[in-house]
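As a plain string of letters, each chain reads:
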Amino acid sequence: MSSRPARRIGLSATIGDLGQAAAWLRPTTPQLVEILEAKSDSPELRLQVRGYVEPPQLDDPDHAEGASGVLEEAVVRRIALDDIADHLYSTLRGTNNLVFGGSRRTVESTADRLRRRSEKAKVPNEFYPHHGSLSKTIREELENRLKDGKLPTTGICTSTLELGVDIGSVKSVAQIGAPRSLSSLRQRLGRTGRRRGTPSVLRIYIREPNTDQDTGVIDRLRSNTIRSVAVIRLLLEKFVEPAGQVPEVASTLVHQILSVIAERGGIRARPLYELLCGSGPFAMISAAEFALLLKHLGSDEIRFIEQAPDGTIMLANEGEAVVQSRNFFAVFESAEEWRLTVSGRTLGTLPISFPVHKDSLVVFAGQRWIVQDLDEKTNTLFVAPHPGGVVPRFERADGERLHDRLAAEMKAVYLASDEPTYLDQRARDLLAEGREAFSGLGLDTTNVLQEEKDVHVFLWRGSQVTAVFGAAAAMVGLPGHVHDLGLTLSETTVAMARSKLASLADSTAADAVRVSSAVQNITAGKFKDQVPAELARTLWGRQNTCEIGAIPGIARSI
C-alpha cells in the first residue's frame, strides 16, 4: 500500500551471525542493512552443574512419583528426578525462578513432584507447569503471577517461556538435562540478572545412566556431563550458533500459495511467483521449481489448485476444504488430541495416541486426575482430581541440533584434565569417569571402535553433518544409528566399515542426488505430503551443500 518499503528493525540478544540476519531482513540487498551491535557488560554469572545417576535398569526416567499404575519396582526406587526435585524445592522456594525441563513429560513429572512436596510440608504451592499442551488460560495464569511478582513463583517449563513472553526478571534459571544449544541457553539465562548489580544464576541438573561391566561404550563416556562442560566453555567465550536450516521450506510455500489465493480469490502464476519467490521470502525457489510445485498441486492426486481458462489459479476442491478448516492458519502441524476438561474448564490437550479410558489416571497441569467420562465425537476427556496418576507420554519432539563447534568442544573436554569449580562432587566424578572411559578406549588416537557386532564411528561433528554422513553411509550399505558422538553401524566390523566408507572418499562419489536418495522422510512440515519428491530432494541437497561437501574428508579420516 505504500510507495516506499517499510523500514524494518530486527532485535536479538542471541544472533550468532549478524550477516545472516541482514540477508534474512533484505534478501536481495543485504549490504543495505545497517547493523548496530551493542557492546554492553554482562552481569556476573553464578553457575553450578549438579550430577545424578539413575538406578539400574531404569526404563522411564520421568515416571510419576509413587503413582499407582507404575511398576512396583519403580514405586519403591528413587530415581534421579526425585533427588533433583528435592534440591529444587529446598533451593528455589520463596523466590521467582524458571526451570526448563526439556520435554513436556519432564515438565509434568517435575511439577507434580514439587507440588507434592509443598502439600507434604503443608505450605502453599509455588511450582507450576508451562508447556504448549496446556490451555492458554492456565499458561497466562502463571505468566501473570511471574510478571506481577507479589507471590513467590517458579515456572517449570519447556521452551515456551524461553522467549516472546513478558514475565519480568527472575532470580535464577535451572535446566534439567545437559544443554544442546548456546542460543537457547543464552536466551534462558537472559531471564535472570536483568537488574543492575544482580547476578545471573544458572543451575544445570545432569542425569546419567547407571553403569556396570556390561554397560555399552556410549553410556560409559558420560556424554551428558561432557556436553554440559563444553556448553559452559562456549558460553563463557560468548559463542552463539548461526541460525540453522529450515526443512519445512516447501511445505510453508504450499501454505502461502493457498493463503494468497484465498486472500485474492485467484491469481496468475507469474505475479504469484514474484510475490512469494523472486525477491520474496522463498527466493531460493527457481521459476522452474515453482512451476513444478504448482503442477503437482493441481494434479488429480492432490487437487489443491486449478487453473481457469484465462490462466487464473484458483482453489480446487481439496484446497478449498483445507483453507476452510479451522486449523489452516497455523503453519505448524497440529496432531489430533484429547481435550481435558474439569468442571467445564479446559486444562489443555493430550495426544490422541496416549491410551485413555474411563477411570484412567493421568498427571497433567502439575496435578493428578481420573477420567470420569469421555466423548469420542468431540475428543473430550472429563476429569476430576485424584491422588494417583501416570505422566502422559507426549509425542516425541525433535531434539535441538548440536552445532559443529559444540561437538568439537566436547572432544576437547575429553582430552583436557581440568576440573571446573562449578561442578558439584558427583558431576566431577562423572566427568572423571567419562574421561577415563575415553582414554581407556583409545579414542584420543582412533575414531572407530568395535563393540560386539556393532562399530562406533566417532565423528565429533554437529547433528546435521553427522546425519548427512549417516545417509551417505547407508547409501554404501552401512545403515546405522546417529547420536551426538557420531554413528553406530550395526552388524559389521571395523574392516568392513572402512572398506565401504572408502568409496565415499572420492569427491565425486557423494553428490546431492545420490545422498538424498538414501534419506528417509526427507520432507517436513504441515503440507509435506503435497510436496513433489523431486523438489523435496532438490531443496534438501541445496540446503546441505556444505554437509555433503564434507563427506569425502570425513571418509578419508576414518
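Residues numbered from 1 in each chain as written. Predicted model: local features only at pLDDT ≥ 70, side-chain atom pairs only at ≥ 80, totals over all residues. Heavy atoms only, no water.

**Student:** Please clarify how the sheet that holds strand β2 (residues 97-100) should be interpreted in this entry.
**Tutor:** Through backbone hydrogen bonds, the strands of a sheet pair up, either in parallel or in antiparallel fashion. Spatial strand order, β1-β6-β5-β2-β4-β3: six strands in an open sheet with parallel pairing. Either end of the sheet is taken by a strand with one partner, and the two such strands are β1 (45-53) and β3 (127-130). Strand-to-strand twist across the sheet, computed as the mean angle between neighbouring axes with direction ignored, equals 20°. Across four bridges, β2 lies against strand β4 (residues 154-157) in parallel orientation. Residue pairing across strands places Leu-98 opposite Gly-155, the latter belonging to β4. Along the sheet, helix α6 (residues 182-189) contacts β1, β2, β5 (172-176) and β6 (200-208); its crossing angle with β6, the most-contacted strand, is approximately 135°. (Pairing = 2+ DSSP bridges. Helix = DSSP H or I, 4+ residues; strand = E, 2+ residues; numbered from the N terminus. Axes fitted to C-alpha atoms, helices over the stretch in contact; angles between N-to-C directions. Contact = heavy atoms within 4.5 Å.)

**Student:** Sorry if this is basic, but what is going on with the confidence of the model for the protein chain here?
**Tutor:** A low pLDDT score tells you not to read the predicted coordinates there in detail. Per-residue pLDDT for the protein chain has a mean of 90; in total, 97% of the residues score no lower than 70. When pLDDT is averaged over each element of the protein chain, helix α14 (residues 425-440) comes out on top at 98 and helix α2 (residues 72-76) at the bottom at 47. Counted against residues more than four places away or in other chains, residues 68-75, with its pLDDT under 50, gives twelve contacts. (pLDDT = per-residue confidence, 0-100.)

**Student:** Even after reading the chapter, I still don't get the packing of helix α3 (residues 80-92) against helix α4 (residues 104-120), so can you show me in this structure?
**Tutor:** Angle between the axes and distance between the axes: these two values describe a pair of packed helices. Viewed as axis vectors pointing N to C, α3 and α4 meet at an angle of 55°, and their least axial separation amounts to 10 Å. It follows from the interaxial angle that α3 and α4 lie oblique. In this structure, the crossing between α3 and α4 has a hand that is right-handed. Facing Leu-81, Asp-82, Ala-85, Asp-86, Leu-88 and Tyr-89 of α3, the residues of α4 in contact are Ser-109, Thr-110, Arg-113, Leu-114, Arg-117 and Ser-118. Partitioning the contact of α3 with α4 into residue classes produces five nonpolar, three polar and four charged. (Parallel < 35°, antiparallel > 145°, perpendicular 65-115°, else oblique. Left-handed = near helix turned anticlockwise from the far one by under 90°. Nonpolar A, V, L, I, M, F, W, Y, C, P; charged D, E, K, R; others polar.)

**Student:** Would you take a moment to explain unusual backbone geometry for this structure?
**Tutor:** Negative phi values dominate among residues other than glycine, just as trans dominates among peptide bonds. With a phi angle near 50°, Gln-57 is a residue other than glycine that sits in the positive phi range. Take Gln-57: it is sitting in the loop between β1 and α2. Of the residues examined, Gln-57 reaches a relative accessible area of 69% and is grouped as exposed. Of note, the phi angle at Ser-343 is positive, near 55°, even though the residue is not glycine. Tracing the backbone shows Ser-343 in the loop between β9 (337-342) and β10 (345-351). Under the relative-accessibility criterion, Ser-343 is labelled exposed at 79%. (Buried < 20%, exposed > 50% of the residue type's maximum accessible area, 1.4 Å probe, protein only.)

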